[in-house]
Amino acid sequence: MGYTDLDQLAINTIRVLAVDATSKANSGHPGAPMGMAPVAHVLFNKFMNFNPKNPDWANRDRFVLSNGHGCMLQYALLHLFGYELSMDDLKNFRPHPGHPEAHDTPGVEVTTGPLGQGFANAVGLAMAQAHSGGVYNKPGFELFNNYTYMFFGDGCAMEGIASEAASMAGHLKLGNLIAIYDDNHISIDGDTKCAFTEDVMKRFEAYGWHTEWVKDGDNDLAGIEAAIRKCQQVTDKPSVIKLTTTIGFGSKLAGTGGVHGNPLKADDAQSVKKLFGFNPEESFAVPQQVYDMYHQHAAEGAAKEQEWNQLFQKYQAEHKTEGADLARRLPASCPRAGRRSSPSTSPLMLPSLPNAVDFQPPDLGIGEWAGRYIRYGVREHAMAAVMNGLAAYGTIIPAGGTFLNFVSYAAGALRLSALSRVRVIHIATHDSIGLGEDGPTHQPIETLAHFRALPNCMVWRPADGNETSAAYYSAITSKHTPTVMALTRQNLPQLELSTIESALKGGYVAVDTPNAAVTIVSTGSEVSIAIDAATYLQEKHGVAARVVSIPCFEVFDAQSKEYRLQVLPDGIPVLSVEACSTMGWERYSHEQFGLNRFGASGPYKQVYAKFEFTPEGISKRALATIDFYKGVPVRSPINRAFQQILGAMAL
């Protein structure tokens, strides 16, 4: 464990690059990179296996910077080791993500920034390794044995999502997960003595983690290495190393909140360079010997990937079935996923879910690492963030379930799913006031509008089995887009004109009536009521009505204008019907019938009747819509001056 002046030079190079990049951009967080440069150097150069020329090597060690505001630490490392991140990229730091984004920067595994999210992502990555190893590893063929390493700070430790994920990781005994806690006593709120005085290590011990403490994280490189090696030897627990560091090490503001989120002043930056032996008049200077040392380790990683590739070739020859399945999975192109019409309409995707084995540590006797069914407990936010980690690993398409209202608990993680462009599937039941007796606390009103407003996220609210099958198919085949499937708890009839093909367009005509006076557009459980309303209008009032189902706004918006005008044509006023917030329906309808208040408790039919989501109630509003637009030229809501640019959703 001998360390030389070259190691210290490399550490100081990382520090100075963080100072220069944030100073040039006049923005960023230099303090954490300056404090964590020693542990980053030891971890990346002594322990981690990776190949910068192929950042997607399946068995690489994963690194997560949960305290993502310190992104210059990671950017500096990626550049120095030879990833596709140039010196010009460092010099133009701020056009690059201010927090790491997986789809933007090679070598960044997951998108972090909102504190605690990366912590939970790391748990997901570690779970994915354990599962992949459980499924594919054979005697003599350790295809998946990588570690997941994660840095986190006091802010992450305070966030509830990190506690949820840490508890789960402890239960699962994830010995492949090693977290390093930057104990620098500073958060965005200032000195932690003002708000955060708990014993973090005792909390982790209670969660079932192995703990280590390196008291001099600024200088004790041998102690850092020894702590990581001890953690690697603990195979039946996740590990956390408390690393006491000085934020902004070397700065005049070292150890204070002043170096947390602000670049150093010019005189301080010069002082830091002098202290570390750099020319204060130069910027972005990297000694060649630092490049050489890091490139040597990168070459060792490339060689290990070649060894792995050869091992995989032998594996495919000896274990043909598993080898073919894994080869199919690695590009993440395989069709698999994880109330009533949901499983029954998707036997291909869920062939054995009712009898699925639990994903559990084998020694508990209640499951195995190869198990496909994850018991998240009551941890919605961590569940969603763990799913992001599972998806990022590359061998799994995760699906998780909860009530739609409680996907709102997971909104922060779902937002990062969309931003990260990962394929995760949220099967969200109890999608409206039809939830009934549980009342307004459980009845989602605003949730659909919220997630429909989220870029690069598909929100499906199917009205029958065909639409549900379309939702699953779309979710599975959209490789870079998360999906929320809002499913009703009540039984629904099969719509006469629905097909999987039409539903895959996001919207279609469910009832087409010649010379219709109004179009009723709806989703989910309200579509069948709208169809009954059309019958009621014809029989009671002699009024012809069309009915349109739009199970997915995002997919419908991606269709051609010509098609959308066929579904919602000119000349006919449109009434939207959904037992949730009306927000967002203006783009498809002239008038909106919904619920812009909280719901009520009671049997679902009584609750629907209370708010007039009945054939009679819809008909009353349809007649009012017809009367209001009588004699007025009506243009389709699809016809607008321009169409807002669609996002990067991969359909």
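To keep things clear, this report deals only with the structure shown in the data block. (Residues numbered from 1 in each chain as written. Predicted model: local features only at pLDDT ≥ 70, side-chain atom pairs only at ≥ 80, totals over all residues. Heavy atoms only, no water.)

## Observations concerning the state of the cysteines
Then, number 1: Considering all chains together, one arrives at 0 disulfides under this definition.
Then, number 2: Cys-552 provides the cysteine sulfur closest to Cys-457, a residue in no disulfide bond, and the two sulfurs are 8.6 Å apart.
Then, number 3: Residue class for Cys-457 comes out buried when judged on its relative accessible area of 0%.
Then, number 4: Residue Cys-580 stays outside any disulfide, its sulfur separated by 15 Å from that of Cys-552, the closest cysteine.
Then, number 5: Looking at Cys-580, the relative accessible area reads 1%, which means it is buried. (Disulfide = S-S within 2.5 Å. Buried < 20%, exposed > 50% of the residue type's maximum accessible area, 1.4 Å probe, protein only.)

## Topic: the packing of helix α7 (residues 160–172) against helix α8 (residues 200–207)
Then, number 1: At a minimum axis distance of 8 Å, the contact between α7 and α8 shows a crossing angle of 45°. The angle between α7 and α8 places the two elements in the oblique class. On α8, the residues touching Ser-163, Ala-166, Ser-167, Gly-170 and His-171 of α7 are Arg-203, Phe-204 and Tyr-207.
Then, number 2: Residues belonging to the contact of α7 with α8 are distributed by class as follows: 3 nonpolar, 4 polar and 1 charged. (Axes fitted to C-alpha atoms, helices over the stretch in contact; angles between N-to-C directions. Helix = DSSP H or I, 4+ residues; strand = E, 2+ residues; numbered from the N terminus. Parallel < 35°, antiparallel > 145°, perpendicular 65-115°, else oblique. Contact = heavy atoms within 4.5 Å. Nonpolar A, V, L, I, M, F, W, Y, C, P; charged D, E, K, R; others polar.)

## As for the sheet that holds strand β3 (residues 177–183)
Paired through their backbone hydrogen bonds, the strands of a sheet run either parallel or antiparallel.
Then, number 1: With respect to topology, 5 strands assemble into an open sheet ordered β1-β2-β3-β7-β6, the strand pairing being parallel. For this open sheet the edge positions go to β1 (62–65) and β6 (210–214), each flanked by a neighbour on one side alone. The average undirected angle you get between the axes of adjacent strands in this sheet is 20°.
Then, number 2: Here strand β2 (residues 148–153) pairs with β3 via 6 bridges, running parallel. Across the sheet, Phe-152 pairs through a bridge with Tyr-181, a residue of β3. (Pairing = 2+ DSSP bridges.)

## Let's talk about the sheet that holds strand β13 (residues 518–522)
Then, number 1: With mixed pairing, 5 strands are arranged side by side in an open sheet as β12-β14-β13-β15-β16. Edge positions in the sheet fall to β12 (508–511) and β16 (591–593), since each of these pairs with one other strand and no more. Adjacent strand axes in the sheet meet at a mean angle of 30°, parallel and antiparallel pairs treated alike.
Then, number 2: Here 5 bridges tie β13 to strand β14 (residues 545–549), and the two strands are oriented parallel to one another. Along β14, the bridge assignment pairs Val-521 with Val-548.
Then, number 3: Most of the contacts of helix α20 (residues 525–541) go to β14, to which it runs at about 175°, and overall it touches β12, β13, β14 and β15 (574–577).

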